[in-house]
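An overview of the molecular structure
If you want the building blocks of each chain, they are given just below.
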Amino acid sequence: MSLPWFMQPDAREVALSRLCPPGVRPIANEFLQKGFIAIPGSVSDAICDHLVERFRTFERVHADKLAPFRLADGHWPRLVNIHLSMPELFDLFSQNRQAIALQDFLLGGETCLYTSLFYERGSAQPLHRDTPYFCTRPEYRYFGVWVALEDVDEDNGPLMVMEGGHLLPELDRAAIAREVLGEGAPIPPDSMPLFDTYQKRVVEQGRALGLKVYNVPVRKGTTIIWHPQLPHGGAPIRDLKRTRFSFVMHTTPEGAAVYHQHAFFAPEKHFPEHAPWKYISRDGRKYARHKLVSFAHQQNYAPEELALA
Ligand SMILES: O=C(O)CCC(=O)C(=O)O
């Protein structure tokens, strides 16, 4: 199965030295070495503040729909794809000049937004790779693009990364699936035991090689892009009264189909490369026309039901 050029060491050297636009080279180099790049000031404070304000309006207008999902500490859980109802969030992708230039270079074409997660506070998720949930054919044509909508420090749950973890050799995924699910058992799109076993082994592999895990506190307006294979997560939140507004975008080449664990843990199995969905254009860029917005993966709404005036 063919790896993207940026995961092939020889092609990587050639592309960086001969094909990379000079303005992109420093961030491309750092991204490929560390597995992520933080781009400070990639979005203005004014845009960040405006989007948080718009979210406060969304919260007021849809208070009845949101209410059942309020967490014990008063925050909202992750909101999936709310850019379909609040398309101004897409500015964080389309107006993010350097982030777009890096992704287009790495993917060799136009990068599009596939799905998104809006967080009011840190996710406090253990280290994980996203690839079991964002599995393209060919594989690894995916990035996570995270924008801090307010300042992030050690207390409000910064992003954490295992630097260099994107270079660890891929595990034998089919063998892990056989071990967890049983010989010959079908692989479901979503299996928690399978996901957890894979992530645990990746983290063990990185720790055995002495890779460092650290937090990445950043100022509002910073964009962090992570490699499809970078283990990352949300550090524990020390002050649960604090918010940490951020927006995560999952990006792919235009038209790339995205599969979940049923494809990721069966890397030799054929799946169509092309996505069935259409795209919506805004500001010269595109996002996938999905039909549902979800609160915490529990309650779905049509985007129109949640649109703001
Ligand atoms: O924002 C965070 O705390 C982590 C986000 C994350 O790991 C993810 O969306 O995959």
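So, here is what we can say about the structure in this document. (Residues numbered from 1 in each chain as written. Predicted model: local features only at pLDDT ≥ 70, side-chain atom pairs only at ≥ 80, totals over all residues. Heavy atoms only, no water.)

Things to note about the side chain of arginine 129
Note on placement: arginine 129 falls in the loop between β3 (111-119) and β4 (135-136). Of note is the side chain of arginine 129, whose polar atom sits 2.7 Å from the backbone oxygen of glutamine 229. Non-local contacts of arginine 129, meaning those with residues more than four positions away in its chain, are made with Gly165, Leu168, Glu170, Phe195, Tyr198, Gln199, Val202, Pro228, Gln229, Leu230 and Pro231. (Helix = DSSP H or I, 4+ residues; strand = E, 2+ residues; numbered from the N terminus. Polar contact = N/O pair within 3.5 Å; in protein donor to acceptor, adjacent residues only side chain to side chain. Contact = heavy atoms within 4.5 Å.)

With respect to the nonpolar core
Core analysis: the largest hydrophobic core is formed by 52 residues, its most contacted members being Phe58, Ile82, Leu92, Leu102, Phe118, Leu149 and Ile225. The element contributing the most residues to this core is helix α6 (residues 97-107), with 6 residues. Contact partners of phenylalanine 118, with chain neighbours within four places excluded, come to Phe55, Pro77, Arg78, Leu79, Ile82, Leu89, Leu149, Phe245, Ser246 and Phe247. Within the second largest apolar cluster, 37 residues are counted, among which are Tyr114, Ala177, Val202 and Ala275. (Core = buried A, V, L, I, M, F, W, Y, C linked by side-chain atoms within 4.5 Å. Buried < 20%, exposed > 50% of the residue type's maximum accessible area, 1.4 Å probe, protein only.)

With respect to the packing of helix α7 (residues 173-181) against helix α8 (residues 192-208)
In the contact formed by α7 and α8, the axes pass within 10 Å of each other and the chain directions differ by 130°. In terms of orientation, α7 and α8 fall into the oblique class. Classified by chirality, the crossing of α8 by α7 is right-handed. Across the interface between the two elements, Arg173, Ile176, Ala177, Glu179, Val180 and Leu181 of α7 pack against Pro193, Leu194, Thr197, Tyr198 and Arg201 of α8. When its residues are assigned to classes, the contact of α7 with α8 shows 7 nonpolar, 1 polar and 3 charged. (Axes fitted to C-alpha atoms, helices over the stretch in contact; angles between N-to-C directions. Parallel < 35°, antiparallel > 145°, perpendicular 65-115°, else oblique. Left-handed = near helix turned anticlockwise from the far one by under 90°. Nonpolar A, V, L, I, M, F, W, Y, C, P; charged D, E, K, R; others polar.)

Structural notes on the site of the ligand
Looking at the ligand, there are 14 residues lining it, with Ser123, His128, Trp146, His232 and Arg244 nearest. A distance of 2.7 Å separates an oxygen atom of the ligand from a polar atom in the side chain of serine 123. For the ligand, an oxygen atom lies 3.2 Å from a polar atom in the side chain of aspartate 130. Against a free-state accessible area of 300 Å², the protein chains account for coverage of 97% of the ligand. Judged by the proximity of its atoms to the pocket grid, the ligand belongs to the largest pocket. (Near = heavy atom within 4 Å. Areas by Shrake-Rupley, 256 points an atom, 1.4 Å probe, with all protein chains shown as cover. 1 Å grid on protein atoms, 1.4 Å probe; cavity = no way out; pocket = protein on both sides within 12 Å on 5 of 7 lines; lining within 4 Å. Sits in = over half its atoms within 2 Å of the grid points.)

A word on the pattern of salt bridges
Across all of its chains, the model carries 20 salt bridges by this definition. When the shortest N-O distance is used, the salt bridge between glutamate 88 and arginine 54 registers 2.5 Å. Of this pair, glutamate 88 sits in the loop between β2 (79-80) and α5 (91-94) while arginine 54 sits in helix α3 (residues 45-61), and the two are 34 residues apart along the sequence. In this structure, the salt-bridge partner of glutamate 170 is arginine 129, at a minimum N-O distance of 3.6 Å. With glutamate 170 in the loop between β6 (159-162) and α7 and arginine 129 in the loop between β3 and β4, this pair connects stretches of sequence that are 41 residues apart. Residues joined in a network through salt bridges with shared partners are Arg129, Glu139, Glu170 and Arg173. (Salt bridge = Lys/Arg side-chain N within 4 Å of Asp/Glu carboxyl O.)

Regarding unusual backbone geometry
For the bond running from arginine 137 to proline 138, omega is -5°, close enough to zero to count as cis. Relative to the helices and strands, proline 138 is located in the loop between β4 and β5 (143-148). Its identity is not glycine, yet alanine 124 carries a phi of approximately 50°, on the positive side. The residue alanine 124 is located in the loop between β3 and β4 in this model. Residues other than glycine seldom take positive phi values, yet histidine 297 does so here, at roughly 60°. Turning to its location among the elements, histidine 297 is positioned in the loop between β14 (293-295) and β15 (299-301). Its relative accessible area of 52% is what places histidine 297 among the exposed residues.

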